[in-house]
Amino acid sequence: MADTTVLAQFQTADGEKTGPPLSLPANVTAEQLTVLINKFLETSEPRPYSFYIDEHEVVRSIQTDIIDAAGKSTEDTLVIVYQPQAFFKVRAVTRCSSSLTGHTEAVLSASFSPDGSQLASGSGDTTVRIWDLSTETPRVTCKGHRNWVLCIGWSPNGRVLASGSMDNTVRLWDPETGRELGMLGGHRKWITALSWEPQHLNAQCNRLASSSKDGTVRIWDTTLRRCVLTLSGHTAAVTCVKWGGDGRIYTGSQDKSIKVWNSDGTLYKTLSGHAHWVNTLAFSTDFALRTGAFDHTGKHPSTTEDAQRRALERYTEASSRGVRLVSGSDDFTMHLWDLSVSSKPIARMTGHQKVVNHVSFSPDGRLIASASFDNSVKLWDGHTGKFIASLRGHVAAVYQVCWSSDSRMMLSASKDSTLKIWDLRTKKLKLELPGHADEVFTVDWSPGGDRVVSGGKDRVLKIWKP
């Protein structure tokens, strides 16, 4: 068997051939293929790649994974699709380094700042807390809301924190001092989601969109603290809002539709197709939009112009293979949209047996993870919407998923009080993180990959480290 050869052709994910057809030994490993492709591409520094033949990944060797396991013939020309991976590797978090107490009601949202240096949490006790990550202790408590804090959102430059509450207001905070910078009032019902204008479109990072149960979305100028636009067109509660990298605003609603708005407030498109409430939206470029000018090296831009230029570079790279939008709904399905192609979904992703609560693209945009009340997390191809795998292990509803910044691991938070880390290479459970005493509502992996935060019904924020 050792001297069996196969005819192989390297190809990019977009279908472009690289190099001539090669005669390779069947026992060639993924590491050897990496050396070969780096030679063909003449890269200045060797880059890690993953290889797929007919959507089966080459993990060990072509013989083991493709010929033996997938039953491919050695007579056929094998098309090897190669995809670049992140240069850096995130280590899996394995231990709880701190349990941060202080909130007196459930923690409903927790989020790291775009550069990963700060951490904020919002709670049912009406406060927002900002935590010191170097000592893992409380830094400031932001008081002002008169009801539950439902969502929080960092401005792309990390200088302002916004929070949306059950008291129908959005408040702005200075994360350094915890001082309230302003209260944005106008919604008639509670705030469901917040989204800042991306940094590459607005260097000042001073425009914020808030969606509400009242069926409207308001655009705020956070410097002047006033509402500049109201987007009204939905006939029921707006559940989520996303400010896209193209400058348009995307909203999902309980009226079963997704609406796309121009930045001047006019309606651009209505995307229909779901048979029930739309709960969640995600872009393939979300990670680049969230982190703006900051990357894994931790370097801070010197000026606002520099920051905007870097944010634009990172967004352009993230959107180079096209921008996809995925929506998850109470109709148990997800739809994948590519608005540059059509106003109809390019894929209807079915398989969940209950409500789809949260969807998220991997930072490299290649995979989509969906969390559902059917206790499972499912993985889908981010480009075609094809089903890849079901990740089972949770024994109750899964509330949220989030990715490591190198796209190699994914984390899920559940009603069963655990977090689980999944290895995307094997599509299996890598680690279980028990520790919470009750349901885990929110989870976030820091953009640098060095820590995870989780919070929930037991009122404790836990920080997890490798």
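How each quantity is defined
Residues numbered from 1 in each chain as written. Predicted model: local features only at pLDDT ≥ 70, side-chain atom pairs only at ≥ 80, totals over all residues. Heavy atoms only, no water. Helix = DSSP H or I, 4+ residues; strand = E, 2+ residues; numbered from the N terminus. Rg over C-alpha atoms; globule rule 2.2 N^0.38 Å. Buried < 20%, exposed > 50% of the residue type's maximum accessible area, 1.4 Å probe, protein only. Contact = heavy atoms within 4.5 Å. Areas by Shrake-Rupley, 256 points an atom, 1.4 Å probe, with all protein chains shown as cover. Lys, Arg positive; Asp, Glu negative; His and termini not counted. Charge placed at Lys NZ, Arg CZ, Asp CG, Glu CD. Pairing = 2+ DSSP bridges. Axes fitted to C-alpha atoms, helices over the stretch in contact; angles between N-to-C directions. Polar contact = N/O pair within 3.5 Å; in protein donor to acceptor, adjacent residues only side chain to side chain.

Asker: Which residues make up the overall build of the protein, and what are the values?
Answerer: Counting secondary structure elements, the protein contains four helices and 37 strands. On C-alpha atoms alone, the protein measures out to a radius of gyration of 23 Å, which is about the 23 Å that the 2.2 N^0.38 rule sets for 466 residues. The C-alpha extent of the protein, read off along each of the three principal axes, is 75 × 50 × 45 Å. For the protein, buried positions account for 57% of its 466 residues. Here the analysis covers contacts within the protein between residues at least 6 apart in sequence; of these, 50% occur between residues at least 24 apart. In the form shown here, the protein has an accessible surface area of approximately 19,100 Å², with 49% of it arising from carbon and sulfur atoms. Computed over 53 positive and 49 negative side-chain charges, the separation of the two mean positions in the protein equals 5 Å.

Asker: Describe the sheet that holds strand 30 (residues 387-392), listing the residues and the values that go with them.
Answerer: One key point about sheets: their strands pair by backbone hydrogen bonds, in either a parallel or an antiparallel sense. Taken together, four strands build an open sheet; the order of strands is 27-28-29-30 and the sheet is antiparallel. Two strands close off the open sheet at either side, each with one partner strand: strand 27 (356-361) and strand 30. Within the sheet, the average angular offset between the axes of one strand and its neighbour, ignoring direction, is 20 degrees. Pairing of strand 29 (residues 376-381) with strand 30, which is carried by five bridges, proceeds in the antiparallel orientation. The partner of V377 across the bridge, within strand 30, is L391.

Asker: Describe the sheet that holds strand 6 (residues 95-100), and please don't skip the residues or the numbers.
Answerer: Within the open sheet, the four strands sit side by side as 6-37-36-35. Their pairing is antiparallel. Where the open sheet ends on each side, the last strands, each with one partner, are strand 6 and strand 35 (440-445). Geometrically, the sheet is characterised by an average inter-axis angle of 20 degrees between neighbouring strands, direction not taken into account. As defined by bridge partners, strand 35 adjoins strand 36 (residues 452-456) across five bridges and the pair is classed as antiparallel. Following the sheet pairing, V443 is matched in strand 36 by S454.

Asker: An account of unusual backbone geometry is needed here, citing residue identities and associated values.
Answerer: Positive phi values are uncommon outside glycine, yet E55 reaches one of about 65 degrees. Take E55: it is sitting in the loop between strand 3 (49-53) and strand 4 (56-57). Looking at E55, the relative accessible area reads 59%, which means it is exposed. Positive phi outside glycine occurs at K427, with the angle close to 60 degrees.

Asker: Describe the side chain of D167, listing the residues and the values that go with them.
Answerer: Secondary-structure assignment places D167 in the loop between strand 12 (161-165) and strand 13 (170-173). Owing to a relative accessible area of 12%, D167 belongs among the buried residues under this scheme. Of note is the side chain of D167, whose polar atom sits 2.9 Å from the backbone nitrogen of R146. Side chain to side chain, D167 and T169 meet in a polar contact 2.7 Å long. When residues no more than four places from it in sequence are discounted, the contact partners of D167 are H145, R146 and N147.

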